[in-house]
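Analysis of the macromolecular model
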Amino acid sequence: MFAITLLTRFFSVFRYSAVALRIVWDTSAVLMLAMALTTLIAGVLPAAIASVGGMFVDAVAGALGASGAQAEAARAQALNFVFIEVGLVLLMTAAQQANTVCQAILRVLLGNKINVMILEKALTLELAHFEDAEYYDKLVRARREAS
């Protein structure tokens, strides 16, 4: 019984997720997609960096055990892995920065959209709603928190 109640409470958090995603999508689909893409890139790149790091270690170990032309080829390969890893780190940093910029812009646009939605709702209300202190307080709080 407790587990069912716990699961019900857990999934109730997601009840309005579709509505929230729809509002964000309507605000700026391009920014939402850019955030999703940069998040995916920034999430996958650490594994790629670790993988290239492992190949670098293998190349260094191969260079230490080799001699002559083989050692020179292994050193060149290790250097290539260093450059690849630097490129991946730079790409990850760029993706994280792009994500931060998208979040900031989307936050401002979303705040403006929600304020407009609140004002549009206020236009449909009767004077009695504004005279009700509790209802008016909710509207004012909603506008303040939207920003």
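Scoring rules and cut-offs
Residues numbered from 1 in each chain as written. Predicted model: local features only at pLDDT ≥ 70, side-chain atom pairs only at ≥ 80, totals over all residues. Heavy atoms only, no water. Helix = DSSP H or I, 4+ residues; strand = E, 2+ residues; numbered from the N terminus. Rg over C-alpha atoms; globule rule 2.2 N^0.38 Å. Areas by Shrake-Rupley, 256 points an atom, 1.4 Å probe, with all protein chains shown as cover. Lys, Arg positive; Asp, Glu negative; His and termini not counted. Charge placed at Lys NZ, Arg CZ, Asp CG, Glu CD. Core = buried A, V, L, I, M, F, W, Y, C linked by side-chain atoms within 4.5 Å. Buried < 20%, exposed > 50% of the residue type's maximum accessible area, 1.4 Å probe, protein only. Contact = heavy atoms within 4.5 Å. Phe/Tyr/Trp six-rings, centres within 6.5 Å; stacked < 30°, edge-to-face > 60°. Axes fitted to C-alpha atoms, helices over the stretch in contact; angles between N-to-C directions. Parallel < 35°, antiparallel > 145°, perpendicular 65-115°, else oblique. Nonpolar A, V, L, I, M, F, W, Y, C, P; charged D, E, K, R; others polar. Salt bridge = Lys/Arg side-chain N within 4 Å of Asp/Glu carboxyl O.

Another point: the overall build of the protein chain. Along the protein chain, the regular secondary structure elements total six helices and zero strands. When the elements of the protein chain are put in sequence order from the N terminus, they spell out α-α-α-α-α-α. In terms of C-alpha radius of gyration, the protein chain reaches 27 Å, well past the compact-globule figure of 15 Å for 147 residues. Its C-alpha atoms give the protein chain principal-axis dimensions of roughly 90 × 45 × 20 Å. By element, 69% of the accessible surface of the protein chain is carried by carbon and sulfur atoms, the whole surface being about 10700 Å². For the protein chain, the centre of its 11 positive side-chain charges and the centre of its 11 negative side-chain charges are spaced 3 Å apart.

On to the nonpolar core. Counting residues in hydrophobic clusters, the biggest one holds eight residues: Leu 45, Ile 49, Val 52, Ala 59, Ala 78, Phe 81, Leu 88 and Met 92. With residues up to four places along the chain from it excluded, the contact list for Ala 78 reads Phe 56, Ala 59 and Val 60. In this structure, Val 24, Cys 102, Leu 106 and Leu 110 belong to the second largest nonpolar core, which totals five residues.

A separate point is the side chain of Thr 27. Take Thr 27: it is sitting in helix H2 (residues 17–27). The exposure class of Thr 27 is buried, given its relative accessible area of 18%.

What the rule picks out here adds up to two aromatic pairs. With 5.1 Å between their ring centres and 75 degrees between their planes, Phe 10 and Phe 11 make a pair best called edge-to-face. The class for Phe 10 is partly exposed, based on a relative accessible area of 46%. Judged by centre distance (5.5 Å) and plane angle (75 degrees), the rings of Phe 10 and Phe 14 are edge-to-face. Residue classification places Phe 14 among the partly exposed positions, given a relative accessible area of 44%. In textbook terms, an aromatic cluster arises when at least three aromatic residues are bridged by ring pairs, as seen for Phe 10, Phe 11 and Phe 14.

Close contact between H2 and helix H4 (residues 69–123) brings their axes to 10 Å; oriented N to C, the two are set at 110 degrees. Relative to H4, the element H2 is oriented roughly perpendicular. Residues Ile 23, Val 24, Asp 26 and Thr 27 of H2 form the contact with H4, whose own contacting residues are Leu 106, Leu 109, Leu 110, Lys 113 and Met 117. A breakdown of the residues in the contact of H2 with H4 according to their chemical character gives six nonpolar, one polar and two charged.

Moving on: the environment of Leu 45. Turning to its location among the elements, Leu 45 is positioned in helix H3 (residues 29–65). Taking the C-alpha atoms as reference points, Leu 45 and Glu 120, 75 residues apart in sequence, are found 44 Å from one another.

Further remarks concern the pattern of salt bridges. Summed over the entire model, instances satisfying the criterion amount to two salt bridges. Asp 137 is the salt-bridge partner of Arg 141, the closest N and O atoms lying 3.2 Å from each other. One end of the pair is Arg 141 and the other is Asp 137, both in helix H6 (residues 133–146) and four residues apart, which spans about a single turn.

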